[in-house]
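Working through the structure, step by step
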Amino acid sequence: MGSRGAAAAAALSRASRIRSKLQSALEATVLEVDDVSNQHAGHAAVRGSSDKETHFNVKIVSPKFEGQSLVKRHRIVYDLLADELQSGLHALSIVAKTPRETKPAQ
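Residues numbered from 1 in each chain as written. Predicted model: local features only at pLDDT ≥ 70, side-chain atom pairs only at ≥ 80, totals over all residues. Heavy atoms only, no water.

1. Topic: the overall build of the protein
The secondary structure content of the protein amounts to 5 helices and 3 strands. Helices and strands in the protein line up, N terminus first, as α-α-β-β-α-α-β-α. Counting all 106 residues of the protein, 27% fall into the buried class. At a minimum sequence separation of 6, the contacts of the protein that also span at least 24 residues come to 70%. When the accessible area of the protein is evaluated, it comes to approximately 6600 Å², of which 52% is carbon and sulfur surface. (Helix = DSSP H or I, 4+ residues; strand = E, 2+ residues; numbered from the N terminus. Buried < 20%, exposed > 50% of the residue type's maximum accessible area, 1.4 Å probe, protein only. Contact = heavy atoms within 4.5 Å. Areas by Shrake-Rupley, 256 points an atom, 1.4 Å probe, with all protein chains shown as cover.)

2. A look at the confidence of the model for the protein
With 75% of its residues at a pLDDT of 70 or more, the protein shows a mean pLDDT of 83. When pLDDT is averaged over each helix and strand of the protein, the minimum, 54, is found for helix H1 (residues 3–11) and the maximum, 97, for helix H3 (residues 70–80). (pLDDT = per-residue confidence, 0-100.)

3. A closer look at the nonpolar core
Judged by nonpolar contacts, the single largest core of 17 residues is most densely connected at Ile18, Leu22, Ile60 and Val77. Elements that contribute at least two residues to this core include exactly helix H2 (14–26), strand S1 (30–35), strand S2 (55–61) and strand S3 (91–97). The leading source of residues in this core is H2, at 4 residues. Look past the residues within four positions of isoleucine 18 in its chain and what remains in contact with it is Val33, Phe56, Val58, Leu81, Glu84 and Leu89. (Core = buried A, V, L, I, M, F, W, Y, C linked by side-chain atoms within 4.5 Å.)

4. Regarding the side chain of arginine 73
Here arginine 73 is to be found in helix H3. A distance of 3.0 Å separates the side chain of arginine 73 from the backbone oxygen of glutamine 68, its partner in a polar contact. Apart from residues no more than four positions distant in its own chain, arginine 73 is found in contact with Phe65, Gln68, Ala96, Lys97, Thr98 and Glu101. (Polar contact = N/O pair within 3.5 Å; in protein donor to acceptor, adjacent residues only side chain to side chain.)

5. Some thoughts on the sheet that holds S3
Taken in spatial order, the 3 strands line up as S1-S2-S3 in an open sheet, and their pairing is mixed. The sheet is open, and its two edges are formed by S1 and S3, each paired on a single side. On average, each strand axis in the sheet is tilted by 10° relative to the strand beside it, whichever way the strands run. In terms of strand pairing, S2 meets S3 through 7 bridges, oriented parallel. Opposite lysine 59, over in S3, you have valine 95 as the bridge partner. The sheet strands contacting H2 are S1 and S2, and the helix crosses S2 at an angle near 25°. (Pairing = 2+ DSSP bridges. Axes fitted to C-alpha atoms, helices over the stretch in contact; angles between N-to-C directions.)

6. Description of the pattern of salt bridges
The full count for this structure, using the stated rule, is 7 salt bridges. Connected via shared salt-bridge partners are Arg14, Arg17, Lys21, Asp83 and Glu84. (Salt bridge = Lys/Arg side-chain N within 4 Å of Asp/Glu carboxyl O.)

7. Observations regarding the environment of glutamine 23
Structurally, the position occupied by glutamine 23 is in helix H2. Given a relative accessible area of 32%, glutamine 23 falls into the partly exposed group. Distance in space between the C-alpha atoms of glutamine 23 and serine 62 is 9.1 Å, their sequence separation being 39 residues. Discounting residues that sit within four places of it in the chain, glutamine 23 has contacts with Ala28 and Leu31.

In structure tokens, the structure reads:
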């Protein structure tokens, strides 16, 4: 990504970048990205930080999780968001399911 592309990406909110990365890589049928940073504003790990987008809840349903253990699914998400985790994302709560796991039991 050139400097122009990097500048454009930096202008997006962290939530938008998370959503974009997960959607494009995992072809999610459901993707919810909730910024819950305001609930953690006083925590020691983020106190004094200028970054306001530090804590997120992510719910993702993807056919690419089929046949993957829960641990592997979380690793996939963490790997996709590695640069966010290196640049201020402090905590991520993940719910990762396959489309089949979201269908009601019959």
